[in-house]
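Each chain, letter by letter, is given below.
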Amino acid sequence: MKKNGDYLIIGEIGIIGLAEACHLAAVFLKLPFTVCALLFAASLGILAVACAGFVILRRRHARGEAERKSSAGTPEKLLYGMFALMVISQLIFIGMGNAIYRKGDMMVETVGSLLASDSVYQVNPMTGMPYTEGMPLRLKILCLPTLYGSLCRWTGLPPALVVQRIVPMLVLVSAYVSFSLLGQALFPGDAGKRACFLLLVSLLVWTGAYRYGMDGFNLLCCGWRGVAIRGGVLLPWTLSLCLRRKRLWVAPCVLAEASIVWTFYGCGACLALAAGVTAAQLCCRGLSGAAADRRASRAGEKEDAR
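A brief structural summary. Every value quoted in this text rests on a predicted model; they were computed, and no experiment measured them.

Looking now at unusual backbone geometry. Despite not being glycine, Lys30 shows a phi value in the positive range, around 55°. Mapped onto the secondary structure, Lys30 falls in the loop between α1 (2–29) and α2 (33–62). Here Lys30 falls in the exposed class, since its relative accessible area comes to 59%. Phi angles above zero are rare outside glycine, and Asp118 is one such case at about 55°. Here Asp118 shows up in the loop between α4 (107–117) and α5 (137–140).

Estimated volume of the second largest pocket: approximately 860 Å³. Lining the second largest pocket are 34 residues, and of these Gly104, Asp105, Met106, Leu139 and Trp262 sit closest to its centre. Sorting the residues of the lining of the second largest pocket by element identifies α4, α6 (144–155) and α10 (226–243) as the ones contributing at least two each. Counting residues per element, the lining of the second largest pocket draws most heavily on α4, which supplies 5 residues. A per-class count over the lining of the second largest pocket returns 20 nonpolar, 11 polar and 3 charged.

With that settled, consider the pattern of salt bridges. In this structure the tally under the stated criterion is 4 salt bridges. Arg244 is the partner of Asp6 in a salt bridge, and the nearest nitrogen-oxygen pair spans 2.8 Å. Here Asp6, found in helix α1, pairs with Arg244, found in the loop between α10 and α11 (250–260); they are 238 residues apart in sequence, far enough to count as distant. Considered together, Asp6 and Arg244 belong to a single accessibility category, that of buried residues. For Asp190, the salt bridge identified is with Lys193, shortest N-O distance 4.0 Å.

Turning next to helix α7 (residues 159–186). Taking 1.5 Å per residue as the helical rise, α7 with its 28 residues ought to reach 40 Å, and the 39 Å between its terminal C-alpha atoms agrees with that figure. Most pronounced at Val167, the bend in α7 amounts to some 30°, and the proline Pro168 follows within four residues. Here α7 lies mainly inside the structure; 20 of its 28 residues are buried.

Here α10 contains 18 residues, and its C-alpha end-to-end distance of 24 Å stays within 8% of the 26 Å for a straight helix at 1.5 Å per residue. Burial of α10 is extensive: 14 of the 18 residues sit out of reach of the surface. Of the residues trailing α10, Arg245 is marked for its positive phi of about 60°.

Rules and cut-offs
Residues numbered from 1 in each chain as written. Predicted model: local features only at pLDDT ≥ 70, side-chain atom pairs only at ≥ 80, totals over all residues. Heavy atoms only, no water. Helix = DSSP H or I, 4+ residues; strand = E, 2+ residues; numbered from the N terminus. Buried < 20%, exposed > 50% of the residue type's maximum accessible area, 1.4 Å probe, protein only. 1 Å grid on protein atoms, 1.4 Å probe; cavity = no way out; pocket = protein on both sides within 12 Å on 5 of 7 lines; lining within 4 Å. Points joined across faces, edges and corners; volume = space filled by probe spheres on them. Nonpolar A, V, L, I, M, F, W, Y, C, P; charged D, E, K, R; others polar. Salt bridge = Lys/Arg side-chain N within 4 Å of Asp/Glu carboxyl O. Expected span 1.5 Å × (residues − 1). Bend = angle between axes of the 7 residues up to and from the residue.

Spelled out as structure tokens, the structure:
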């Protein structure tokens, strides 16, 4: 489960990276959105073939390794069952769409303008007229409208359905995969504690849905936003990577965050989290090494006294 979860998050970050590359090409080369969507589809197909080949090779290599996994007991199964019910209820809540937070959000309108004008960030979605003074560069490099617009172009589904329902459901599931990996890093070998951890996270998501800005609110009421993906998927996975000493994969998290978060405020949270956890680990390692040296010195003094 740990490797499969890592592969899922890595694949999603890869999709964001491909969307960002195609988006930047369309913005700076002024390509039609149709060409951008085709370019994104082709690159996504290449990524899918490469991932399929990698998975096949990994499975062949793993056949010779016997994996011994202890099955979860009855209490753990009960906790996982409660967690599954919580997730299903949250997916139904998102699908009903009764708590969609639209105030100040222009994602659906922006995606609609990309499809209608067949251009990327050339038409103001509020007026339907071309931009006269352009857009700030920090806002122009964000790729989520292009990603969602490409999904609409491929499937023919309306932007409101893709943005406000389908994408938040996928983000919520990905968030729980990320938290599951974090639980495995925090409680290795203890299925009961991991089940309690996931159940607690699902409860916190529900209780956090009452107020704007909370992680639960972002996931359940506006899961298409970059801050929801960052808080629910990227940050927990970044923490799990640091705990597992896999810091090489933090760099894609930082780049993915920069591609989806529209403001400088809070941007760089993945990098700050990784730096903080790494500094704490180095301090703890230094303190434990100093304590071990003191114990060894004391043992040597006792031996000399004898």
